[in-house]
Amino acid sequence: MTAAAEARGTELGRYLKARRAQVRPEDVGLPAGAGLRRTPGLRREELAALAGVSVDYYIRLERGRETNPSPAVVDALGRTLRLRGDGYERLHELAELASGRSSELPACSDHTVRDSVLRMLDSVRPLPAYVVSRYNRVLAANPPGRRLMPGLWDWPEERRNLTRYIFLHPVGRTLYEPWEETVALSVAHLRAVGGADPDDPELTALVGELMLKSPQFARLWERYDVCERGGGQKSFRHPQAGPMTLTYEVMRLARTGGQRMVVYQAAPGTPDETAMLRLESPDARPVPMSSERPEPADACAGQELSYGSLAERVDRGTCRR
């Protein structure tokens, strides 16, 4: 086996192991059993039996020594692991890459934003809008889009990454409500867009930094939840605009290696629109909050984050909108 094939197989194995840990015996009709289990989730032999493959074969698959599972085996594993939507598609993508049946990797990320896209950003004002790379580096934004993320633009250009911002920036860690769900979905999205090329230098540098600096990120990354987002709703506790809940749409930009344009909006005539429109003014005064929310680092110290909402979305296959 070549080194490249082994690396692809190892990524498939990591995914299988991470997802196996998320399935409880009782979820698939097995008794929980007496005493403590050494590992969370299903044992290898339980998963193999439920999927109809030998234990030895499954162990080799999870360890990256078997890299050519048939579509039928992949389907059986996906059903046993209760994968749906993005998670099910990711399993098949990794199996195709491991087998060598698909060697196509994403086009190299382009960090140059076309002039026509910059004009689009300006044309949607006063709606906040920005452009991000495949791995969430912010490449351009209109003025309300810049003000939507206070403090991000104080960082050097190459560090303006939304995933880094919500985990490491003091404002980013208090801007979103609920923070725990926001970061869980962000990491799951990063897993989704990075799965086909896990060794991309931009991705590995970002993940390496966050694994070292954020225990919350490390726990979420190891879960290997996959959720590719195409739009939705976010709630903010914004220091200038005040509390607001905005919907957003994501538009993929052709021939850019994964760039996406994100545009936020609020229903006309609502308090959310009033708050959002404050972002258009550079002189907007800070809005006092009714109550202070604890910084997530303190709230989460020594305990696991709540992943219930994301886990339910992944299980229902409703991540991709």
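Further up the page is the structure itself.
Residues numbered from 1 in each chain as written. Predicted model: local features only at pLDDT ≥ 70, side-chain atom pairs only at ≥ 80, totals over all residues. Heavy atoms only, no water.

Participant: Can you lay out the packing of aromatic side chains for me, pointing to particular residues and giving the numbers?
Facilitator: Summed over the entire model, instances satisfying the criterion amount to nine aromatic pairs. Plain terms: the ring middles of F167 and F217 are 5.4 Å apart, the flat faces sit at 90° to each other, and that makes the pair edge-to-face. Of this pair, F167 sits in helix α8 (residues 162–168) while F217 sits in helix α12 (residues 215–223); the two residues are 50 residues apart in sequence, bridging distant segments of the chain. Judged by relative accessible area, F217 falls into the buried class, the value being 0%. Where F236 meets Y264, the ring centres are 5.9 Å apart and the plane angle is 70°; that geometry is what we call edge-to-face. Of this pair, F236 sits in strand β4 (residues 231–238) while Y264 sits in strand β6 (residues 260–265), and the two are 28 residues apart along the sequence. This pair shows no difference in class: F236 is buried, exactly as Y264 is. Cluster of aromatic residues (ring-pair linked, three or more members): Y130, Y176, F236, Y248 and Y264. Lying over the aromatic face of W153, R146 brings its terminal NZ or CZ to 4.2 Å of the ring centre. (Phe/Tyr/Trp six-rings, centres within 6.5 Å; stacked < 30°, edge-to-face > 60°. Helix = DSSP H or I, 4+ residues; strand = E, 2+ residues; numbered from the N terminus. Buried < 20%, exposed > 50% of the residue type's maximum accessible area, 1.4 Å probe, protein only. Lys NZ or Arg CZ within 6 Å of the ring centre and 35° of its normal.)

Participant: Provide a residue-level description of the side chain of R90, including the pertinent values.
Facilitator: On the secondary structure map, R90 appears in helix α5 (residues 85–99). A polar contact is formed between the side chain of R90 and the backbone oxygen of R191, at a distance of 2.8 Å. (Polar contact = N/O pair within 3.5 Å; in protein donor to acceptor, adjacent residues only side chain to side chain.)

Participant: Break down the pairing of strand β5 (residues 242–252) for me, with residues and values.
Facilitator: Inspection of the sheet shows β4 paired to β5 by eight bridges, in the antiparallel sense. Pairing of H238 across the sheet is with G242, part of β5. Counting the residues between successive antiparallel strands, the hairpin from β4 to β5 contains three residues. The pairing of β5 with β6 spans six bridges and is antiparallel. (Pairing = 2+ DSSP bridges.)

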